[in-house]
Amino acid sequence: QVQLVESGGGLVQSGGSLILFCAASERSFRTYTMGWFRHVPGKERDFVAAINWNGDSTRYADFVKGRFTISRDSTKKMGYLQMNSLKPEDTAVYYCAADMRPWRVATATLDYDVWGQGTQVTVSS
C-alpha cells in the first residue's frame, strides 16, 4: 500500500507563504485523488483541498479559496500545497491523504484511505 510523507511545515509570520510537500512511496499514487486536511487539537480534522488523479479537477474549502493552491506531479509521485497570505488561524497540523477512487474529488475524511503523519504549520501574528 502506498505511504505518504509530508514535509515543508514550519513557523511563518502572518501574511507569509509556505509550500507543503507530499511524497508518495508507490507509482500507484498517480491513479489516486490526493487531499490535504488540517487538524487543531480539540477540533475535528478539516478538509483543505483536493485534486483528482490527473490534476484537472480541484476543490477547496471556502476558508482557503484564493490563498492556497493544490497541485501534483505524478511523474515524481509528489503532491503540493502552496499556501499564501497565511493567517494565525491557519495554524494546524496538515495531513496529506490519498483516495483510491479516482473518479471523485472527495472532501470527507472517511473517503480517504491512506494518510501521512502530518506536518506542523504555525503562523505567528
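Nothing here was measured: the structure is a model prediction, and the numbers come from that model.

Focus on the sheet that holds strand S8 (residues 78-83)
Here four strands make up an open sheet; going across it, the order is S1-S3-S8-S7 and the pairing antiparallel. Strand pairing shows two members of the sheet lacking a second neighbour, strand S1 (4-7) and strand S7 (68-73), which therefore form its edges. The average undirected angle you get between the axes of adjacent strands in this sheet is 15°.

Comments concerning the nonpolar core
Grouped together as the largest cluster of nonpolar side chains are 35 residues, with contacts concentrated most on Leu4, Trp36, Leu81, Met83 and Tyr94. Listed by contribution, the elements that provide at least two residues to this core are strand S3 (18-24), strand S4 (33-39), strand S5 (46-51), S7, S8, strand S9 (92-99) and strand S11 (119-124). Excluding residues within four positions of it along the chain, Leu81 makes contact with Leu18, Ile19, Leu20, Trp36, Val48, Ala49, Phe68, Thr69, Ile70 and Tyr94.

Overview of the packing of aromatic side chains
Following the criterion strictly, the structure yields six aromatic pairs and no others. Seen from their ring centres, Phe37 and Tyr112 are 5.1 Å apart, and the 75° between their planes marks the pair as edge-to-face. Taken together, the residues span a long stretch of sequence, with Phe37 in strand S4 and Tyr112 in the loop between S9 and strand S10 (114-115) at a distance of 75 residues. There is no split in this pair, since Phe37 and Tyr112 are both buried. On the basis of an interplanar angle of 75° and a centroid distance of 6.5 Å, the ring pair of Tyr95 and Trp115 is categorised as edge-to-face. In this pair, Tyr95 sits in strand S9 while Trp115 sits in strand S10, placing the two residues 20 residues apart along the sequence. Put simply, the rings of Phe37, Phe47, Tyr95, Tyr112 and Trp115 touch in pairs and so form one group of aromatic residues. The side chain of Arg45 reaches across the aromatic face of Trp115, ending 4.7 Å from its centre.

Let's talk about the state of the cysteines
On inspection of all chains with the given rule, the structure shows one disulfide. Linked covalently through their sulfurs, Cys22 and Cys96 form a disulfide whose S-S length is 2.0 Å. Disulfide Cys22-Cys96: torsion about the S-S bond near -70°, hence left-handed. Here the residue Cys22 occupies a position in strand S3, and Cys96 occupies one in strand S9, the gap between them amounting to 74 residues. This pair shows no difference in class: Cys22 is buried, exactly as Cys96 is.

So, unusual backbone geometry
With a phi angle near 55°, Lys77 is a residue other than glycine that sits in the positive phi range. With respect to the helices and strands, Lys77 occurs in the loop between S7 and S8.

Comments concerning the pairing of S1
Side chains Leu4 and Glu6 of S1 all project onto a buried face; the interleaved residues Val5 and Ser7 project onto a face where none is buried. Across four bridges, S1 lies against S3 in antiparallel orientation. By the bridge assignment, Val5 is partnered in S3 with Ala23.

Calculation criteria
Residues numbered from 1 in each chain as written. Predicted model: local features only at pLDDT ≥ 70, side-chain atom pairs only at ≥ 80, totals over all residues. Heavy atoms only, no water. Pairing = 2+ DSSP bridges. Helix = DSSP H or I, 4+ residues; strand = E, 2+ residues; numbered from the N terminus. Axes fitted to C-alpha atoms, helices over the stretch in contact; angles between N-to-C directions. Core = buried A, V, L, I, M, F, W, Y, C linked by side-chain atoms within 4.5 Å. Buried < 20%, exposed > 50% of the residue type's maximum accessible area, 1.4 Å probe, protein only. Contact = heavy atoms within 4.5 Å. Phe/Tyr/Trp six-rings, centres within 6.5 Å; stacked < 30°, edge-to-face > 60°. Lys NZ or Arg CZ within 6 Å of the ring centre and 35° of its normal. Disulfide = S-S within 2.5 Å.

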